[in-house]
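The lines below spell out each chain.
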Amino acid sequence: MKPVLRIVLSALILTSGILACGGSPTASPDAVNTAIAQTQQAQALAQATVNANALTSIPLTPTAGAPVDAAALTEEELAALIDQAVTEAVAATEQTTAAAASATSDDAMTAEEVAYIYDYYYYADYYVQLAEDLMTQYYGLYSDLAQEMIVEMNAIGAELAQMNDTLTQVSTSLEEINSALSQGMEAAQESVAKLKDSAQQAQTNAEELKAQAQGVMSTLQQDQQGRLDQIAQIKPNNIPTDKLSALQSAFDFLDAANASLGDNKISRDELLNIAQLGKNAQAGFQKFGARGGGVIPGGGDGMGLDLTQFSGKFDEITTQFARGHTPEARGNVNGFQSSLGKRPTRRN
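Scoring rules and cut-offs
- Residues numbered from 1 in each chain as written.
- Predicted model: local features only at pLDDT ≥ 70, side-chain atom pairs only at ≥ 80, totals over all residues.
- Heavy atoms only, no water.
- 1 Å grid on protein atoms, 1.4 Å probe; cavity = no way out; pocket = protein on both sides within 12 Å on 5 of 7 lines; lining within 4 Å.
- Points joined across faces, edges and corners; volume = space filled by probe spheres on them.
- Helix = DSSP H or I, 4+ residues; strand = E, 2+ residues; numbered from the N terminus.
- Buried < 20%, exposed > 50% of the residue type's maximum accessible area, 1.4 Å probe, protein only.
- Contact = heavy atoms within 4.5 Å.
- Polar contact = N/O pair within 3.5 Å; in protein donor to acceptor, adjacent residues only side chain to side chain.
- Salt bridge = Lys/Arg side-chain N within 4 Å of Asp/Glu carboxyl O.
- Phe/Tyr/Trp six-rings, centres within 6.5 Å; stacked < 30°, edge-to-face > 60°.

J.: I keep staring at empty space enclosed by the protein and nothing clicks. Help me out?
T.: Space left empty within the atom packing is revealed by a probe, the size of a water molecule, rolled over the atoms. For the coordinates displayed, the defined rule picks out one cavity of 30 Å³ or more. Estimates place the volume of the largest cavity at around 90 Å³. Broken down by secondary-structure element, the contributors of at least two residues to the lining of the largest cavity are α4 (111-142) and α8 (243-262).

Below is the structure:
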């Protein structure tokens, strides 16, 4: 009623001004109508400006990018993507709940407010799904290797699932409200109250997820250091007895490395086995790797090479496996194998 009252008062003031200036009384109805129309137009323009300013803060609906090939990433790169997706999911959820709180503050809803909240909800839902997909890929690659990280991922996943559940409740409430509004009815108080409660719970979940995910990168560093410390304790337990057996032990190491790379997944047992084979071969290279001795003419194998130059390759490749640097390890393994030439024939 207040806007109508202001319109009438404005019209009366304008009419009084016209009369005071000697205007004809017969023109009063037209003047009043004109004043009302002009005032209504001014209010509509002002409201349009307010709406336009508000809409500039609405984000665009996210567009899904190309699927992430986790096997082509290092463990740090994949963990960083997970961390970023969780951060974005939290931020978008907080924006969604803030928009919902603002829209429901008067216990009523309009179609514009529903659309406004949905714009933020779509972002939150997108990043929640992205985080869950990236975490699934992390499990697939590192579940048998990264012990501390898997514990951390489980905790983050539980918090993420709770936040996703409450976001679903927010969406359900928005659907109920939108359905009522589309039929020309007011939003039911029960639906508005459910939206308000769901938004508050989602905000709580977002805060808990943010707190849980804060240490993911530091946990990764601790996990990787633990693996490095473990393989550093491994000593040779089957040292080759000559250059031929040393070269053969190198190919045993490469076979184990290639087997692990075949499924893009390395377990803790595989890592320890690769490390042990590497230590054995490294000891053989250091002891019998000098150039010459036992050369097989035209054999094309590595018997004529100075193998001591490659003795550091075993630790280098094993460390790459331990740190989850699979792409680098793959290239290093291929290059090392090429440098050694043809596999030597084993003695009977």
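J.: In this structure, what is going on with helix α10 (residues 313-322)? I would like to understand it.
T.: Along an α-helix, residues three or four apart share an orientation, since each turn contains 3.6 residues. The complete set of buried residues in α10 reads Phe314, Ile317, Thr318, Gln320, Phe321 and Ala322. Buried positions along α10 lie against α7 (216-232), α8, α9 (268-288) and α11 (326-340).

J.: Please clarify how the environment of Asp315 should be interpreted in this entry.
T.: Structurally, Asp315 is set in helix α10. Spatially, the C-alpha atom of Asp315 lies 9.3 Å from that of Ala232, the residues being 83 residues apart in sequence. Excluding its chain neighbours within four sequence positions, the residues that come into contact with Asp315 are Lys279 and Gln282. At 3.2 Å, the side chain of Asp315 and the side chain of Lys279 are in polar contact.

J.: Before we go on, may I ask you to explain the pattern of salt bridges in this structure?
T.: Pairing is possible between side chains of opposite charge, provided their charged atoms come close. All chains considered together, the criterion is met by 11 salt bridges. Where Arg323 meets Glu76, a salt bridge forms, and the shortest distance between an N and an O atom there is 3.1 Å. Taken together, the residues Arg323 in the loop between α10 and α11 and Glu76 in helix α3 (residues 75-103) connect sequence positions 247 residues apart. A salt bridge links Asp223 to Arg227, with the nearest nitrogen and oxygen atoms 3.0 Å apart. Here the residue Asp223 and the residue Arg227 both occupy positions in helix α7, the gap between them amounting to four residues, near one helical turn. Like Arg227, Asp223 is buried. Among the charged side chains, a salt-bridge network with shared partners connects Glu75, Asp223, Arg227 and Arg268.

J.: Is there a simple way to explain the packing of aromatic side chains in this structure?
T.: Two descriptors summarise a pair of aromatic rings, namely the distance from one centre to the other and the angle between the planes of the rings. Counting across every chain of the model gives 11 aromatic pairs. Ring centres of Phe253 and Phe314 lie 5.1 Å apart, and the angle between their planes is 80°; on these two criteria the pair is classed as edge-to-face. With Phe253 in helix α8 and Phe314 in helix α10, this residue pair connects regions lying 61 residues apart in the sequence. Each member of the pair Phe253 and Phe314 is classed as buried. Grouping aromatic residues by their ring pairs yields a cluster made of Phe253, Phe285, Phe310, Phe314 and Phe336.

J.: Explain the side chain of Gln224 here, please?
T.: For Gln224, the position within the fold is in helix α7. Given a relative accessible area of 3%, Gln224 falls into the buried group. Other than its neighbours up to four places away in sequence, Gln224 contacts Glu75, Glu76, Ala322 and Arg323.

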